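Understanding the architecture of this molecule
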Amino acid sequence: MAEYLIRNGFVFDPVTGVKGDRKDIAVKDGKIVDSVSSSAKVYDASGKTVMAGAVEIHAHVAGPKVNEGRNYRPEDKLFNARAGTNGLRTTGGFSIPTTFKTGYAYAQMGYTVAMEAAMPPLYARHVHEEIRDTPIIDEGALPVFGNNWFVLEYLKNNELENTAAYIAWLLRASKGYGVKVVNPGGTEAWGWGLNCLSVNDPVPYFDITPAQIVKGLIEANEYLGLPHSMHIHANNLGNPGNYTTTLDTFRLNEGFAANNRFGREQTMHHTHVQFHSYGGDNWGNFESKSDAIMDYVNAHPTLTIDTGNVTLDETTTMTADGPFEHHLTELNHLKWANVDVELETAAGIVPYVYSPDIKVCAIQWAIGLELALLATDPMRCFITTDHPNAGPFTRYPRIIKWLMSKDAREERLTTFKHADKVISATHLHGIDRELTFYEIAQMTRAGPAKALGLKDVYGGLAPGMDADVVIYDINPEAPFTPDQIEQAFSAATLVIKTGVPVVENGTVINNGNKRTLWVDAKVNENPQVLRDVEEKFLKYYSVSLNNYEVQGHHYIPNPYAIEVDVTQ
Amino acid sequence: MAKTVTDVSCPFCGALCDDLEVTISDDGTKVLEVFNACAVGSQKFLHSASSDRVTRPRMRQEDGSYKEVTYDEAVEYTAQMLAKAKKPLMYGWSNANCEAQSVGHEIAEIVGGIVDNTATVCHGPSLIAIQDVGIPSCTLGEIKNRADVVIFWGCNPAHAHPRHLSKYSIFPRGFFTGKGHKGRKMIVVDPRNTDTMKMADIGLQLEQGRDYELLSALRVAIRGEELPDTVAGIPKERIYETAEVMKNGRFGVIFFGMGVTQSLGKNHNIDNAIMVTKDLNEYTKFAIIAMRGHYNVTGSGQVLGWQYGFPFATDLSRGFARYNPGETTSNDLLRRGELDAVLVVASDPGSHFPISSVKEIARLPSVAIVPDINPTSEISQLHVPVAINAIETGGCCYRMDNVPIETRKVVEPPEGMLTDLEFLSRVRDRINEIKGKARIGVPTAAQAQGA
């Protein structure tokens with residue numbers, strides 16, 4: 001196979017600890033190597049920045065709710081449809097791009113891996129069909145467990161091994177990557193139009209609390225030793241004063257230690273924390289509590305978070321937090337889609353306009369940036385937009401600009417319609433920190449890769465790792481403007497994905513060699529769980545058990561299965 | 001000894017039952033018996049074994065008779081027709097699996113075709129209404145496990161979705177619905193006294209074409225406001241009574257069919273039905289589900305959605321996707337004479353389109369890729385019979401509630417017969433040869449090696 005040499009760039013790589021030294025990166029047979037032969041194709045990176053491929057830890061990019069978003073928002077395609085050329089596919093869509101555009105747009109920014117954040121197991125086949133049709137980037141999907149009837153029943157009876165065996169069964173059936181929890185208990189309550197707004201609200205009928213669900217799933221996750229930790233979207237998202245619920249949820253993680261062979265250290269990943277860091281008790285006195293949240297996060301090494309940065313765009317919110325989306329449509333009166341999924345979960349969709357002229361939106365914008373700027377350990381705080389909820393993932397370069405430049409964010413902050421009120425309700429104005437290229441590499445590469453249990457594969461440039469290498473056209477040692485940061489991260493000069501050049505000079509040139517990540521967890525045969533599965537399918541599911549498992553052949557043509565084994 | 005295949009999906013209606021059992025002959029070529037299916041689904045399986053099937057492509061001759069041709073010749077004709085066309089319509093897809101649909105879309109991108117599915121004459125207005133006002137919905141298993149108020153509006157599942165009532169909506173005993181149909185209130189709204197209507201606890205036989213008025217009246221009644229004495233021929237007391245039943249349910253659902261999508265008001269009826277559902281969520285839990293017709297029309301909308309962002313009527317003639325019902329919908333294109341070729345896949349516009357559209361298809365170069373002789377195959381220049389999906393080949397299909405189910409291959413197709421996926425893939429490859437292009441979506445050998 002081909003050899004490449006990325007020569008003389010300023011390399012930022014937290015895995016090898018390189019902080020902007022001029023270095024050559026060698027690639028052979030899809031891997032990073034120490035050196036290559038003289039026949040290697042050379043890319044000159046002089047005066048440019050070199051990083052590993054970026055890792056998306058949480059985005060809604062494939063599956064039934066994403067597609068409902070596409071289909072019910074034709075307006076999202078206005079003025080952005082493009083014809084396919086040079087062997088590439090047709091693209092379109094802004095906040096909910098088509099699968100082809102999703103793959104191409106991530107690659108253009110230097111992203112090579114993405115984790116679909118919420119897969120309803122009954123719709124797993126759909127998620128995988130979309131993943132298959134998303135070119136270039138490696139993807140996995142996190143099935144949702146926090147409102148699943150099996151889990152609720154097992155955890156109510158403190159049946160850890162049964163919970164773990166069921167998780168292993170469902171990961172295989174859905175070809176899923178890890179344990180996702182969305183509004184634990186609250187989404188099941190939504191089956192009756194209700195919700196759980198605190199960690200102690202009992203779930204109707206099932207008589208279990210969100211706290212029990214969260215702790216039980218952390219325990220089961222570590223029992224199995226899965227590569228990723230329990231990945232949670234807590235109760236009470238989006239409401240003023242919800243930071244106390246968030247802290248309550250964080251505290252459920254205390255006392256657990258990571259148990260896995262992947263080098264992962266956290267036992268809880270809390271996603272899109274921006275939506276969970278609100279003070280005040282109404283929209284009038286709504287304020288940032290990012291300080292209290294980050295004080296806790298900084299002091300607890302077994303917790304990782306991602307930000308969920310608001311990008312101030314018109315976007316499409318979508319989440320398995322069914323009751324929240326109903327709440328949102330009551331607030332903004334835009335069109336509401338909802339799907340309740342039998343025995344498993346629910347999802348809702350509502351378009352949303354984050355207007356810089358609305359005080360609350362501007363405060364949300366500030367909170368997202370504060371979280372990253374207050375993080376003392378960039379290896380535990382990752383940049384996301386909870387795509388497309390707080391904004392489309394295509395805005396990452398702009399967020400990086402705001403995080404790296406105080407001038408850029410002050411320009412934005414001080415020109416909000418309600419700038420004075422926003423400044424007094426947030427901490428951003430008083431924060432001088434500007435993130436470095438190295439810290440950006442931690443927050444977008446090495447950090448999320450490690451949290452996903454993939455630190456030896458993605459997110460770094462050490463020999464033996466997958467050859468995902470990116471050149472950005474920006475010189476860290478020469479003066480540059482904030483807009484040059486955004487420009488450089490928007491369109492990479494070169495992206496190599498698993499040893500194949502897929503982007504040159506900001507243009508996609510190849511459909512790549514995409515893989516689907518899933519976790520094959522082996523547990524001892526558990527007759528109780530198999531019996532429960534058979535019974536539930538016979539009585540309560542609307543599909544046959546034998547038609548439930550996603551078969552690899554067609555849906556996952558190029559699998560990357562990670563095995564864990566707890567059969568001893 | 002006959003063999004039995006279990007957990008078979010049924011390629012008839014949008015209910016996509018996946019619990020059929022089919023016994024087949026020892027050599028795996030003939031369907032002998034079908035269990036668990038309705039009368040229609042059962043016939044579809046048994047028909048696959050009929051002796052009068054056409055098993056090779058047929059080209060129409062000048063005298064109107066048909067001459068058998070090889071699949072190679074059929075591929076060549078189809079590829080040449082599409083490659084030469086400036087604005088070909090590629091219609092149907094609702095009886096094909098998602099894999100075949102996906103290859104069809106690749107072809108459409110290459111030749112600049114318009115991809116439209118049967119929703120265009122069915123639930124297209126529902127899709128437009130969803131784009132207007134959204135849709136609070138759920139899976140069919142939720143109905144089975146939770147629903148105690150079930151409304152059928154402008155649909156007649158007793159005939160059109162025969163197992164819907166017993167498998168999902170009225171009779172099954174679910175987790176929170178242990179009493180089965182005794183614990184459910186069944187409301188039917190229809191101008192006709194259908195067999196579904198005869199089963200209803202509350203049957204509202206409204207005046208034809210007055211659905212919008214009655215839906216509006218329900219919204220008024222739900223809010224407890226004043227109504228005139230009768231609306232749509234229904235006395236106001238009945239409307240208030242119905243509204244109370246809906247509000248007092250624990251979990252309700254509205255199923256609606258073509259009685260509302262294709263009658264006076266069209267998408268506006270569905271707008272209003274969705275708003276009734278949304279209003280009811282202020283009081284209790286309510287969902288609304290379209291009674292989709294073909295077993296994979298939903299899948300066509302899904303694949304079009306993730307590839308282009310629109311559920312039907314997707315025009316790729318400029319290379320990028322456009323969508324404008326009324327402009328890019330099949331009948332409008334046909335009746336305005338804008339097309340220069342028609343490819344029909346897995347559907348029968350010859351039976352369901354207005355005669356003016358059918359005449360236009362007959363006038364144009366046309367290919368019908370359908371398993372059997374039907375009115376469309378009889379007006380097309382070329383009929384390409386293919387294996388029957390979900391009986392003679394498997395693949396992914398989407399149920400009316402968007403749940404994807406992989407259908408199974410039960411028996412072998414007649415010897416030498418291609419599937420629609422195989423035929424379309426060959427057409428795509430041939431068009432790429434004609435146009436001198438690399439296959440879209442797959443890197444060339446040189447690219448894959450990084451050259």
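Model, not experiment: these values are computed from the prediction. (Residues numbered from 1 in each chain as written. Chains lettered and ligands numbered in written order. Predicted model: local features only at pLDDT ≥ 70, side-chain atom pairs only at ≥ 80, totals over all residues.)

When helices and strands are counted, chain A shows 18 helices and 24 strands. Here chain A has a C-alpha radius of gyration of 22 Å; the compact-globule value for 568 residues is 24 Å, and the two agree. Oriented by its inertia axes, the alpha-carbon framework of chain A measures out at about 65 × 55 × 45 Å. A total of 568 residues make up chain A; the buried ones form 64% of that total. (Helix = DSSP H or I, 4+ residues; strand = E, 2+ residues; numbered from the N terminus. Rg over C-alpha atoms; globule rule 2.2 N^0.38 Å. Buried ≥ 20, exposed ≤ 12 C-beta atoms within 10 Å, placed from the backbone.)

Here we come to the overall build of chain B. Tallying secondary structure elements over chain B gives 18 helices and 22 strands in all. Taken over the C-alpha trace, chain B has a radius of gyration of 23 Å; the compact-globule value for 451 residues is 22 Å, and the two agree within 12%. Relative to its 451 residues, chain B shows a buried fraction of 59%. Put simply, of all contacts in chain B between residues at least 6 apart along the chain, 67% involve residues at least 24 apart. (Contact = placed C-beta atoms within 7 Å.)

A separate point is the packing of helix H4 (residues 149-156) of chain A against helix H5 (residues 160-174) of chain A. Residue and element names in this part refer to chain A. Contact pair H4 / H5: the axes reach a minimum separation of 8 Å and the direction vectors enclose 165 degrees. On the basis of their axis angle, the class for H4 and H5 is roughly antiparallel. As H4 runs across H5, the sense of the crossing is left-handed. Contacts from Phe-150, Val-151, Tyr-154 and Leu-155 of H4 reach H5 at Asn-162, Thr-163 and Tyr-166. (Axes fitted to C-alpha atoms, helices over the stretch in contact; angles between N-to-C directions. Parallel < 35°, antiparallel > 145°, perpendicular 65-115°, else oblique. Left-handed = near helix turned anticlockwise from the far one by under 90°.)

Residues and elements named next belong to chain A. Pairing is parallel in the open sheet, where 5 strands are placed in the order E9-E10-E11-E14-E18. Two strands in the sheet have a free side with no partner beyond their single neighbour: strand E9 (180-182) and strand E18 (381-382). Where helix H7 (residues 210-224) meets the sheet, its contacts fall on E9, strand E10 (230-233) and strand E11 (268-270), and the angle it forms with E10 comes to roughly 155 degrees. (Pairing = 2+ DSSP bridges.)

What follows is about the interface of chain A and chain B. The interface is formed by 54 residues belonging to chain A together with 61 residues belonging to chain B. Within the residue set of the side of chain A that touches chain B, elements represented by two or more residues are helix H1 (64-72), helix H2 (99-108), helix H3 (124-132), strand E16 (336-341) and strand E21 (500-504) of chain A. If one sorts the elements of the side of chain A that touches chain B by residue count, E16 of chain A sits on top with 6 residues. Among the residues making up the side of chain A that touches chain B, the classes are represented as 20 nonpolar, 22 polar and 12 charged. One ladder, built from 5 bridges, connects E16 of chain A with strand E8 (residues 134-138) of chain B; its direction is parallel. Its bridge partner lying in E8 of chain B, Asp-340 of chain A is registered against Cys-138 of chain B. (Nonpolar A, V, L, I, M, F, W, Y, C, P; charged D, E, K, R; others polar.)

Residue and element names in this part refer to chain B. Strand order across the open sheet formed by 5 strands is E11-E10-E9-E14-E15, with parallel pairing between neighbours. Each end of this open sheet is capped by a strand with a single partner; those strands are strand E11 (202-204) and strand E15 (285-290). Adjacent strand axes in the sheet meet at a mean angle of 15 degrees, parallel and antiparallel pairs treated alike. Inspection of the sheet shows strand E9 (residues 149-153) paired to strand E14 (residues 251-256) by 5 bridges, in the parallel sense. Paired with Val-150 across the bridge in E14 is Val-253. Lying over the sheet, helix H9 (residues 236-248) contacts E9, strand E10 (185-189), E11 and E14, oriented at roughly 130 degrees with respect to E11.

Before going further, it helps to examine the pairing of E10 of chain A. Residues and elements named next belong to chain A. Every second residue of E10 is oriented toward a common face, with Met-230 and Ile-232 on one face and His-231 and His-233 on the other, all of them buried. Sheet analysis places E9 next to E10, joined by 3 bridges and oriented parallel. When the bridges of E10 are listed, Val-182 appears paired with His-233. Two strands pair when backbone bridges link them, and E10 and E11 are joined in this way by 3 bridges, in the parallel orientation. Within the sheet, the bridge partner assigned to Ile-232 lies in E11 and is His-270. Assessed by its sense of winding, the connection that carries the chain from E10 through helix H8 (residues 243-251) to E11 is right-handed. (Right-handed = clockwise from strand over helix to strand, strands pointing away.)

All names here are of chain B. Compared with an ideal rise of 1.5 Å per residue, which puts 14 residues at 20 Å, helix H2 (residues 71-84) spans 20 Å between its outermost C-alpha atoms and is within 8% of the ideal. Of the residues making up H2, those classed as buried are Ala-74, Val-75, Thr-78, Ala-79, Met-81 and Leu-82. All buried residues of H2 lie within an arc of 160 degrees about the axis, which places them on one face of the element. Contacts from the buried residues of H2 go to strand E6 (88-92), helix H3 (98-111), strand E18 (341-345), strand E19 (366-369), strand E20 (382-384) and helix H17 (420-435). (Expected span 1.5 Å × (residues − 1). Arc of directions from axis to C-beta.)

Our next topic: unusual backbone geometry. It is generally the case that most residues other than glycine have a negative phi and that most peptide bonds are trans. Residue and element names in this part refer to chain A. Look at the link from His-387 to Pro-388: it is a cis peptide, with omega at -5 degrees. Residues other than glycine seldom take positive phi values, yet Asp-29 does so here, at roughly 50 degrees. With respect to the element layout, Asp-29 can be found in the loop between strand E2 (18-28) and strand E3 (31-33). Positive phi is not limited to glycine here, since Phe-79 has a value of about 65 degrees. Counting through the fold element by element, Phe-79 comes out in the loop between H1 and H2.

All names here are of chain B. The topology assignment puts Leu-343 in strand E18. Separated by 39 residues in sequence, Leu-343 and Leu-382 place their C-alpha atoms 9.6 Å apart. Beyond its immediate sequence surroundings of up to four residues, Leu-343 is in contact with Leu-82, Pro-88, Met-90 and Val-367.

As a further point, take the environment of Ala-83 of chain B. All names here are of chain B. Here Ala-83 is to be found in helix H2. For Ala-83, a count of 19 C-beta atoms within 10 Å translates into the label partly exposed. For the pair formed by Ala-83 and Ile-107, sequence separation is 24 residues and the distance between their alpha carbons is 9.3 Å. Setting aside its immediate chain neighbours within four residues, Ala-83 contacts Val-111, Ile-431, Ile-434 and Lys-435.

With 15 residues, H7 of chain A extends 21 Å between its outermost C-alpha atoms, agreeing within 8% with the 21 Å of an ideal straight helix rising 1.5 Å per residue. For H7 of chain A, every residue scored as buried is listed here: Pro-210, Gln-212, Ile-213, Val-214, Gly-216, Leu-217, Ile-218, Ala-220, Asn-221 and Leu-224 of chain A.

What follows covers the packing of H1 of chain A against helix H12 (residues 297-308) of chain B. Interaxial distance between H1 of chain A and H12 of chain B falls to 9 Å at its minimum, and their mutual angle equals 85 degrees. Between H1 of chain A and H12 of chain B, the angle falls in the class roughly perpendicular. Here Asn-67, Arg-70 and Asn-71 of chain A of H1 of chain A come into contact with H12 of chain B, specifically with Gly-301, Gln-302, Gly-305 and Trp-306 of chain B. Split into classes, the residues belonging to the contact of H1 of chain A with H12 of chain B amount to 1 nonpolar, 5 polar and 1 charged.

Moving on, we come to the pairing of strand E2 (residues 20-24) of chain B. Residue and element names in this part refer to chain B. Only one face of E2 is covered, namely the face carrying Leu-20, Val-22 and Ile-24; the face carrying Glu-21 and Thr-23 is uncovered. Strand direction decides the pairing type here: strand E1 (residues 3-8) and E2, joined by 4 bridges, are antiparallel. By the bridge assignment for E2, Lys-3 is matched with Ile-24. Across 4 bridges, E2 lies against strand E3 (residues 31-35) in antiparallel orientation. In the strand pairing of E3, Ile-24 is matched with Val-31. Between E2 and E3, which pair antiparallel one after the other, the connecting turn spans 6 residues, and Gly-28 there sits at a positive phi close to 70 degrees.

As a further point, take the environment of Val-344 of chain B. Residue and element names in this part refer to chain B. Assignment of secondary structure puts Val-344 in strand E18. Taking C-alpha positions, Val-344 is 20 Å from Tyr-308, a pair spaced 36 residues apart along the chain. For Val-344, the residues in contact, after removing those within four places along its chain, are Tyr-91, Gly-92, Pro-349, Ala-368, Ile-369, Val-370, Thr-376 and Ser-380.

It is worth spelling out the confidence of the model for chain B at this point. Residues and elements named next belong to chain B. Counting all residues, the mean pLDDT for chain B is 95, and 96% of those residues have values of 70 or more. Ignoring residues within four places in sequence, the model shows residues 439-451, a span with pLDDT below 50, making 23 contacts including any to other chains. Reported confidences for the modelled complex are a pTM of 0.96 and an ipTM of 0.97. (pLDDT = per-residue confidence, 0-100.)

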